[in-house]
Amino acid sequence: MPEVKTPVITYTGINQQVEHHDLDTTLLECSIMNQIPHIHECGGNGQCTTCRIRVMDGHSNLNPRTLKEQETARIRKWDPSIRLACQCYAKGDVSIQRLVWINSEINRLQLETIPEGIAEERPIAILFCDIRGFTKLASENSSFDVAHILNRFYTVLGDPILINNGVIYQYVGDEIIGLFGVSGGMKSKNCKDAVRAALGMQYAIERLNHIELVDFDVNIKMGIGINFGRAYIGHLGHPKHKQFAVVGDPVNTASRIQSYNKEAGTDILISDAVFKSIPADTLDIGRSFSNQMAGHDHATLLYELFGFKDMDIQLELQQSLDYLLRNEDAFASKFYDKVFTKAPEARALFKNNMASQGRLLTHMLGGIVYSMSRPEHLAMGLKLLGESHVRYGVHEAHYPVVLECLMETIREELGDLCNDKLLSAWKQALETVTSEMRRYAK
Ligand code: HEM
Ligand code: FES
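All values derive from a computational prediction rather than experimental measurement.

The rules behind these values
Residues numbered from 1 in each chain as written. Chains lettered and ligands numbered in written order. Predicted model: local features only at pLDDT ≥ 70, side-chain atom pairs only at ≥ 80, totals over all residues. Heavy atoms only, no water. Buried < 20%, exposed > 50% of the residue type's maximum accessible area, 1.4 Å probe, protein only. Helix = DSSP H or I, 4+ residues; strand = E, 2+ residues; numbered from the N terminus. 1 Å grid on protein atoms, 1.4 Å probe; cavity = no way out; pocket = protein on both sides within 12 Å on 5 of 7 lines; lining within 4 Å. Points joined across faces, edges and corners; volume = space filled by probe spheres on them. Nonpolar A, V, L, I, M, F, W, Y, C, P; charged D, E, K, R; others polar. Domains from an automatic or database assignment. Donors = N, O, S within 2.8 Å, 3.2 Å for Na, K, Ca; no water. Phe/Tyr/Trp six-rings, centres within 6.5 Å; stacked < 30°, edge-to-face > 60°. Near = heavy atom within 4 Å. Polar contact = N/O pair within 3.5 Å; in protein donor to acceptor, adjacent residues only side chain to side chain. Sits in = over half its atoms within 2 Å of the grid points. Pairing = 2+ DSSP bridges. Salt bridge = Lys/Arg side-chain N within 4 Å of Asp/Glu carboxyl O.

## Things to note about unusual backbone geometry
With phi around 55 degrees, Lys77 is a residue other than glycine that occupies positive phi space. On the basis of relative accessibility, which here comes to 54%, the residue Lys77 falls in the exposed class. Of note in this structure, Asp281 is not a glycine but carries a positive phi near 70 degrees. Tracing the backbone shows Asp281 in the loop between α7 (272-277) and β12 (283-292).

## Structural notes on the layout of surface pockets
Put simply, the largest pocket is a space of about 1200 Å³. Every residue lining the largest pocket is counted, 49 residues in all, and those nearest its centre are Gln357, Met364, Leu385, His389 and Tyr392. Those elements that provide at least two residues to the lining of the largest pocket are α1 (27-33), α9 (328-342), α10 (354-371), α11 (375-391), α12 (398-414) and α13 (420-438). The biggest single contributor to the lining of the largest pocket is α10, with 9 residues. Split into classes, the residues belonging to the lining of the largest pocket amount to 30 nonpolar, 16 polar and 3 charged. Each of domain 1 (8-101) and domain 3 (318-438) contributes no fewer than three residues to the lining of the largest pocket. Estimates place the volume of the second largest pocket at around 920 Å³. Lining the second largest pocket are 30 residues, with Asp159, Arg207, Leu321, Asp322 and Tyr323 positioned closest to its centre. Looking at the lining of the second largest pocket, the elements that each hand over two or more residues are α4 (143-163), α5 (187-212), α8 (313-324) and α10. A per-element tally of the lining of the second largest pocket places α5 first, with 7 residues. Looking at the lining of the second largest pocket residue by residue, the classes come out as 14 nonpolar, 9 polar and 7 charged.

## Some details on the coordination of the iron atom of ligand 1
Around a metal, the idealised angle for a tetrahedral arrangement of four donor atoms is 109.5 degrees; for an octahedral arrangement of six donor atoms it is 90 or 180 degrees. Looking at the iron atom of ligand 1, one finds just one donor atom contributed by the protein, His389 (NE2), at 2.0 Å. Along the polypeptide, His389 turns up in helix α11.

## Side note on the packing of aromatic side chains
Using the criterion set out here, one finds 8 aromatic pairs in the structure. Ring plane angle 20 degrees and centroid distance 4.1 Å describe the contact between Phe275 and Tyr303, whose orientation is recorded as stacked. Of this pair, Phe275 sits in helix α7 while Tyr303 is found in strand β13 (residues 299-308), placing the two residues 28 residues apart along the sequence. On the numbers, 5.9 Å between centres and 25 degrees between planes, the contact of Tyr336 with Phe340 is stacked. In this pair, Tyr336 and Phe340 both sit in helix α9, 4 residues apart, roughly one turn of the helix.

## Topic: the site of ligand 1
Surrounding ligand 1, one finds 20 residues, the nearest of these being Lys351, Asn352, Ser388, His389 and Tyr392. At a separation of 3.0 Å, an oxygen atom of ligand 1 approaches a polar side-chain atom of Ser388. Between ligand 1 and His389, the relevant distance is 2.8 Å, taken from a nitrogen atom to a side-chain nitrogen or oxygen of the residue. Spatially, ligand 1 is embedded in the largest pocket. Secondary-structure elements contributing two or more residues to the shell around ligand 1 are α10, α11, α12 and α13. No other element matches the 4 residues that α12 contributes to the shell around ligand 1. The residue inventory of the shell around ligand 1, partitioned by class, reads 12 nonpolar, 7 polar and 1 charged.

## So, the domain arrangement of the chain
Looking at the assigned domains, one finds that the chain contains domain 1 (8-101), domain 2 (111-310) and domain 3 (318-438). Averaged C-alpha coordinates put domain 1 and domain 2 at centres separated by 36 Å.

## What about the pairing of strand β8 (residues 175-180)?
Across the 6 residues that make up β8, a large majority, 6, are buried. Both faces of β8 are covered, namely the face carrying Glu175, Ile177 and Leu179 and the face carrying Ile176, Gly178 and Phe180. Sheet topology places strand β6 (residues 119-132) next to β8; 6 bridges connect them, and they run antiparallel. Directly across from Asp130, in β8, lies its bridge partner Glu175. Looking at chain direction, strand β7 (residues 166-172) and β8 are connected through 6 bridges and run antiparallel. Pairing of Val172 across the sheet is with Glu175, part of β8. Hairpin remark: β7 followed by β8, antiparallel, with 2 residues in the connecting loop; positive phi at Gly173, about 60 degrees.

## Description of the pattern of salt bridges
Pairing between side chains of opposite charge can happen when the charged atoms of each approach one another. Going through the model one piece at a time under the given rule, you end up with 28 salt bridges. Across the pair Asp79 and Arg54 runs a salt bridge whose closest N-O atoms are separated by 3.4 Å. Of this pair, Asp79 sits in the loop between α2 (67-76) and β4 (82-84) while Arg54 sits in strand β3 (residues 52-57), and the two are 25 residues apart along the sequence. Classification of Asp79 as partly exposed rests on a relative accessible area of 35%. For Arg54, a relative accessible area of 28% puts it in the partly exposed group. Notably, a salt bridge pairs Glu436 with Arg439, separated by 3.0 Å at the nearest N-O pair. Residue classification places Arg439 among the exposed residues on the basis of a relative accessible area of 59%. In this structure, a network of salt bridges that share partners links the residues Lys334, Lys338, Lys342, Glu404, Glu408, Glu412 and Glu413.

Here you go:
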């Protein structure tokens, strides 16, 4: 009998080849088993599309598209080379490229559901953020410095939009526009995501002023306006240069709300439509204003936003994540030292290189914070992670040890930033994650 050759999977981006011994496992599972980072937000359930790959070679060695894949490919107009790794089984050599590399890219995938050539009316929350005080900075510094600082602004102000499941629509001069709910979802969630993004942006500006720009003698301020309504969304423009566009009265109103901050002496204003979409008593609100916007025959009620009334776990986690993981190798090695001191027998479970294992863990922590804005995916993702840990030989008693070590590492790494609220937010989030994973443990 001819010898059956074990399929080889080639990952083109990182030029790595692995043997795929278990033909009953998917290409996503093959990545996980070989410690190759492969984003899979819904845990391999064919729901999130984040595990998507481009098949560079060996297409005929894969199963045909599953029903879930066919539907996804139709809506997103994928060519036949794009597949979901969690739906692919290989019977021979295949060469693939992972298409989503970082968590912040996941949001842009929403844009694939937007129609080509026509505009469709969709209910969305729209956030306009204007950076003030930038002119002074621009006039007093070299264009090189200004370009560098502007890029920092775009990054630190864009991150809160992305981490809250929003899409960055445009940068216009000193203005950033974010959209929430482009591909659907509950209006209360979309408005709350926009509000959380605004609060995250406010915190980011404060940190930038006090740390990075401390030598520039400037005090950058910002004004944010948020509105909710039905706007027209589509890929529009010249047939050879179509671009994503969103138009309509709710968009113009959001821009005017942002401008009204100057007159009102406020930092963040939300419209009545946003206020009413979020459950009563959730928001910490200051003054309210009745304002007649240009082109409207009625007054719009605006509210000054200070924050959430109760602790918002996601906001707390988001504000500490980049600081916590600023040196991810140090975080991971500190954490594993603690685990192996408290549970020495656990050392034998780790078969792979500890440096890459550490990066996977910190990548996963970031992934958890990002995917909290898509809770339906998080639960499914944790099921797969819980099941894979059973295969690694992890048992129930390991979870409290790991939780304790993670909390100790977080407390130490947060240093001066550490406070009870932040620790409580991390504890609650990690308890949810570990208890979900633990359900599958022996
Ligand atoms: C907060 C809870 C935890 C998270 C977020 C987490 C995260 C991860 C991730 C992302 C991987 C990479 C492979 C995969 O995706 O399956 C992994 C592997 C692994 N984890 Fe965890 N883990 C957690 C708890 C634990 C616990 C309690 C143990 C027990 C000591 C453990 C031991 C391992 C082992 C042995 C591997 C495989 C390493 C290897 O093959 O060398 N993990 N973990
Ligand atoms: S679609 Fe494959 S992991 Fe979500």
